[in-house]
Amino acid sequence: LPVATGTASITVDQASTAAATSVQTTPTNRPTPTAPPDLLTFAETGHTLTGSFREFWEQNGGLPIFGLPLTEPLPFEGRVMQYFERARFELNADSMVTLGLLGSEEGGLAGKAEVQAGCRYYAETGHNLCPPFLDYWQTHGGLTIFGLPLAEAEPRANMQVQRFERARMEQVDPQTVVLGRLGDEALSHLGVGTLLRPASAQAATQLVAVTGPTATLAPLSEALLQARSAGYNGPAEITIGDRRGSTWQQTVVFHDGQAVLTQSVLGALGPHGLAIIIDGKIADVHPGVFSSDAHTGITTGQPRFDRLLSLVKGFMDHDISEYSFGPNKVRGYRSPDSNLLWLRDHVQQGKGYAYWEPDMRSLLDQFRRFQHPDGAFDDYMASFPWGEVHDRTQVEADNEYLFIEGVFRAWQATGDDDWLRQQLDAMERGLAYIQNSPQRWDSVHQLVKRPFTVDTWDFEYGPPTTSPDGKPAPRHWIDQDTKWSIFHGDNTGYAHCMELLALMYDHLGNPDRATYWQGEAGGIMDRLIALAWNGSFFRHMIHLVPVAVPGVDEARQLSLSNAYALNRDVLTEGQARAIIEEYQRRYQQRGTTFAEWYSIDPPFPTGSLSTMDGWGRQVGEYVNGGIMPLVGGELARGALAHGYERYGLDILQRYYSLINGTGGSYLWYHPIGQPGISGPDTLSTYGRGSSAMLAALIEGVAGLQDDATLFQSATLAPRWSAADDVHDAQVTVRYGASGGYMQYHWSRDAYSLQLNWTGSGDHVLLHLLLPDTAPDSATLTVNGESVTATRTHIGSSRYLDFQTGGSGAASIQW
């Protein structure tokens, strides 16, 4: 039976012989083609069907099952294959047509499920096949066409889907099941698929076999490839592509049937496809000529940078709690003194664990399931043998923006738009609750309000008291005696997360909703600045109910959320620099205090707070003037971004000395440096502070910032020039939940800086810090061409800015 290759064809026996030869020995030339007698052409795609491929297509369901052909039959590692919209036909060594395992290639086998009534259970894979997918499976080809189920049916993009070995079924409405376009998707992920789609992409008469490295390669390394084609001498065009469709071309010349080439490992992680073209026709397609992988890491030769990542990860690996709520298993990062999973602790630690943690969604999903009818979110949760625990600390007003921040970071790390859509209603309801609840929204100032707490902590100012249930407790409830205030940290948090929500809506194609939330964010900041900005920082609390606070000048109180505001993209450059300079002034005036990372400064007098011993009753304890690495980390990241690079490096140096010497990191420290141990459950592995410091290293010093999702659009701003002892830096940042990553190699000498980078994205803003020794006349070259860069001054720091692609090389010379 002839197999069509456009104007050329070969018989099945000839094709299988050629395939076997190309794998085992040096490939040979094809015989002279003959005209196909049964060619079927599809005007929609321009492609053809003939021979055994046409026979299989027609006898097993045709267009509804397989769709239109998207390629001609072409050589894939010596075998003949043809892509269709929903399938891939393959000619095996016995001249039989089989279907490619596209479902397995999409996602592999999911964990086993329990047997469900009314379904057919397949022990081979551990999954159920239930109506309506079961009915479709039985009536449209069964095991031969679809294979076994690889996962349970699950929601995706407003429909139910189920994956099989060779297909993906989609239930678009209660009565309709269709097959997903797995062939089209697989061809797109082939890397070189765009070369194979045109009807002009025909098989060459000359076959080529290519071998590549078997070991997984790191980005920016070199892949050595060897190609063989018996008796061929002459040129060939080589195209290598990644799963996202980025391609790299080069020309090689065969001598005595052999050619050797090298290719820099660039672009998306995973298999890289290859196509060899001779005389304008496809001589071979290799779906995975080499594969790449990457893991988050920093190498500079300086321990304060190189060891910080592993130290922080070690701390945070100890701070994980896992629970089950019915069928839903959740995993999250806990606080240092409670095995409950608190929303704020989990979300704020995400700026660290996102770079290695695969489970970014389960805890947020559970908080969404527990969302109250009025839109409010709980504060914490746990599940014990005696029952579930979840509730909200009444005085807290930040839960709703924390949920949005958590969703945004999980979406960044996973790139899962379908999951993001599932969170939109919950985020909207949470913001509606905040802006309409009399307990959360001050209608006069049009800002979020809360009881008079210490910054964002969960108890109200005042002496020890008795809770409504008759127990001694910090005042964490709301009643007629509540002292209402407007707190800057809540409002900068909501403005920031409204901007994040706008970004997410814009990505999902809803610009009207994006514009609305941008407007809401701007309104909050305008009103907050008019009310609480004192010219240098945000005042701690603006009291709505008069309250006397003896022994402290509230106008001078600098509270920790000023440091958070530095990294919320809600300040002007001048406001950010004013906050940093205020911390610098207090650093110079700190006396015996080892760091300026104050929870609040000046603190409240001893006995002012309604807490137990060790929890802030004394000056310098806990949130009453304790020194907090989470403040230091936010301050360092803000300093690095706003022109105070050496100050940010100094903070990281002090933190590294602190944890390297003790092997631990605490929520707070006494002013002279002893760890803050509030009780027997206190951990020495506190993640909120250490993750903030890690974010300062990764986003601030290493300068890798994801501006959207999966580093598809990113800012690359290495600031190693501010570290006098760093002359060479290799940096990789990868999300643990996906293949989103960036990697670069930075180096410098007396008269130049060199930078090579790659990643999973398409757009990079280079924001390159000039060394102090470089003149203003320094020039930038990108990918071998001199470019005109934007020269940016941030304070006394000088940067060269240039928009470019997801992979490249840059040089600054002077």
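Above this text you will find the structure in question.
Residues numbered from 1 in each chain as written. Predicted model: local features only at pLDDT ≥ 70, side-chain atom pairs only at ≥ 80, totals over all residues. Heavy atoms only, no water.

### Focus on the overall build of the chain
Okay, so step 1: On a plain count of helices and strands, the chain comes out with 21 helices and 47 strands.
Okay, so step 2: Relative to the globule expectation of 28 Å for 814 residues, the C-alpha radius of gyration of the chain, 31 Å, shows essentially globular dimensions.
Okay, so step 3: Projected onto its principal axes, the C-alpha positions of the chain cover 100 × 70 × 45 Å.
Okay, so step 4: Relative to its 814 residues, the chain shows a buried fraction of 59%.
Okay, so step 5: For the chain, the exposed area adds up to about 31000 Å²; of that, 50% sits on carbon and sulfur atoms.
Okay, so step 6: Separation of charge centres in the chain, based on 57 positive and 91 negative side chains, amounts to 3 Å. (Helix = DSSP H or I, 4+ residues; strand = E, 2+ residues; numbered from the N terminus. Rg over C-alpha atoms; globule rule 2.2 N^0.38 Å. Buried < 20%, exposed > 50% of the residue type's maximum accessible area, 1.4 Å probe, protein only. Areas by Shrake-Rupley, 256 points an atom, 1.4 Å probe, with all protein chains shown as cover. Lys, Arg positive; Asp, Glu negative; His and termini not counted. Charge placed at Lys NZ, Arg CZ, Asp CG, Glu CD.)

### Some points on the pairing of strand β20 (residues 270–278)
Okay, so step 1: With 8 of 9 residues buried, β20 lies mostly within the body of the structure.
Okay, so step 2: Strand direction decides the pairing type here: strand β17 (residues 234–241) and β20, joined by 5 bridges, are antiparallel. By the bridge assignment for β20, I238 is matched with I276.
Okay, so step 3: When β20 meets strand β21 (residues 281–292), the two strands line up antiparallel, connected through 8 bridges. Within the sheet, the bridge partner assigned to I278 lies in β21 and is K281.
Okay, so step 4: Once β20 ends, the chain turns through 2 residues before running back antiparallel as β21, passing D279 with a positive phi of about 55°. (Pairing = 2+ DSSP bridges.)

### Side note on the side chain of R304
Okay, so step 1: Considering the arrangement of structural elements, one finds R304 in helix α9 (residues 303–306).
Okay, so step 2: Only 2.8 Å separates the side chain of R304 from the side chain of D725, close enough to count as a polar contact.
Okay, so step 3: Not counting the four nearest positions on each side in its chain, R304 is found in contact with Q653, Y656, A723 and D725. (Polar contact = N/O pair within 3.5 Å; in protein donor to acceptor, adjacent residues only side chain to side chain. Contact = heavy atoms within 4.5 Å.)

### Digging into the pattern of salt bridges
Okay, so step 1: Enumeration over the complete set of coordinates arrives at 44 salt bridges.
Okay, so step 2: The salt bridge partner of E90 is R88, with a shortest N-O separation of 2.8 Å.
Okay, so step 3: Residue class for R88 comes out buried when judged on its relative accessible area of 7%.
Okay, so step 4: With a closest N to O distance of 3.3 Å, R637 and E699 form a salt bridge. Residue R637 is found in helix α19 (residues 629–641), and its partner E699 is found in helix α21 (residues 687–701); the two are separated by 62 residues along the sequence. Neither R637 nor E699 differs from the other in exposure class; each is buried.
Okay, so step 5: Here the salt bridges do not stand alone but share partners, grouping E106, E154, R156, R168, E170 and E185 into one network. (Salt bridge = Lys/Arg side-chain N within 4 Å of Asp/Glu carboxyl O.)

### Description of the sheet that holds strand β25 (residues 341–342)
Okay, so step 1: Strands sit in the order β25-β26-β27 across an open sheet of 3 strands; the sheet is antiparallel. The open sheet has two free edges, formed respectively by β25 and β27 (387–391), since each of these has just one partner strand.
Okay, so step 2: Of the pairings in the sheet, the one linking β25 to strand β26 (residues 380–384) comprises 2 bridges and is antiparallel in character. Each residue of the ladder has a partner; that of L341, found in β26, is M381.
Okay, so step 3: The sheet strands contacting helix α12 (residues 362–369) are β25 and β26, and the helix crosses β26 at an angle near 100°. (Axes fitted to C-alpha atoms, helices over the stretch in contact; angles between N-to-C directions.)

### Looking at the packing of aromatic side chains
Okay, so step 1: Counted under the stated rule, the structure contains 31 aromatic pairs.
Okay, so step 2: Residues F84 and F89 carry aromatic rings whose centres are separated by 4.2 Å and whose planes lie at 40° to one another, so their mutual orientation is tilted. Of the two residues, F84 and F89, both sit in the buried class.
Okay, so step 3: Between Y355 and Y735 the ring centres are 5.9 Å apart and the planes differ by 10°, which places this aromatic pair in the stacked class. Here Y355 is found in the loop between α11 (343–353) and α12, whereas its partner Y735 is found in the loop between β39 (728–734) and β40 (741–748), with 380 residues between them in sequence.
Okay, so step 4: With a relative accessible area of 8%, Y355 lands in the buried category.
Okay, so step 5: Relative accessible area serves as the criterion here: at 4%, Y735 is assigned to the buried category.
Okay, so step 6: Three or more aromatic residues joined by ring pairs form one cluster here, namely F53, F56, F66, F84 and F89.
Okay, so step 7: Over the face of the ring belonging to W484 we find K449, whose NZ or CZ atom lies 4.6 Å from the ring centre. (Phe/Tyr/Trp six-rings, centres within 6.5 Å; stacked < 30°, edge-to-face > 60°. Lys NZ or Arg CZ within 6 Å of the ring centre and 35° of its normal.)

### Some remarks on the environment of L40
Okay, so step 1: In this fold, L40 is placed in strand β3 (residues 40–41).
Okay, so step 2: Overall, L40 belongs to the partly exposed group, its relative accessible area being 25%.
Okay, so step 3: Here the alpha-carbon distance between L40 and G51, two residues 11 residues apart in the chain, equals 9.6 Å.
Okay, so step 4: Those residues within four positions of L40 in sequence are excluded, and the remaining contacts are H47, T48, L49, R54 and E58.

### Thoughts on the sheet that holds strand β19 (residues 258–264)
Okay, so step 1: Ordered by their spatial adjacency, 3 strands build an open sheet running β15-β16-β19, and the pairing between neighbours is antiparallel. Looking at strand neighbours, the two that pair on one side only are β15 (209–211) and β19, the edges of this open sheet. Sheet twist, expressed as the average angle between the axes of neighbouring strands with direction ignored, equals 25°.
Okay, so step 2: Both strand β16 (residues 222–228) and β19 contribute to a ladder of 7 bridges, which runs antiparallel.

### Comments concerning the state of the cysteines
Okay, so step 1: Taken as a whole, this structure holds 1 disulfide when the rule is applied.
Okay, so step 2: Residue C119 pairs covalently with C130 via a disulfide, S to S 2.0 Å. Looking along the S-S bond of the C119-C130 disulfide, the torsion reads about 110°, which is the right-handed sense. With a gap of 11 residues between them, C119 in the loop between α4 (102–107) and β9 (120–122) and C130 in the loop between β10 (127–129) and α5 (133–139) connect regions that are remote in the sequence.
Okay, so step 3: Judged by relative accessible area, C130 falls into the buried class, the value being 16%. (Disulfide = S-S within 2.5 Å.)

### Notes on the packing of α11 against helix α13 (residues 399–414)
Okay, so step 1: Contact geometry for α11 and α13: axes closest at 9 Å, N-to-C directions at 35°. Here α11 and α13 pass one another in a crossing that is left-handed. Of the residues in α13, those touching α11 at L343, R344, V347, Q348, G350 and K351 are N399, L402, F403, E405, G406 and R409.
Okay, so step 2: In terms of residue class, the contact of α11 with α13 is built from 4 nonpolar, 4 polar and 4 charged. (Left-handed = near helix turned anticlockwise from the far one by under 90°. Nonpolar A, V, L, I, M, F, W, Y, C, P; charged D, E, K, R; others polar.)

### A look at the side chain of D801
Okay, so step 1: Structurally, D801 can be placed in strand β46 (residues 797–805).
Okay, so step 2: In this structure D801 is buried but unpaired, with R719 as the nearest side chain of opposite charge at 8.5 Å.
Okay, so step 3: At a separation of 2.9 Å, a polar atom in the side chain of D801 contacts the side chain of T792.
Okay, so step 4: Leaving out residues up to four positions away in the same chain, D801 has contacts with L765, L766, H767, L768, A789, T790 and T792.

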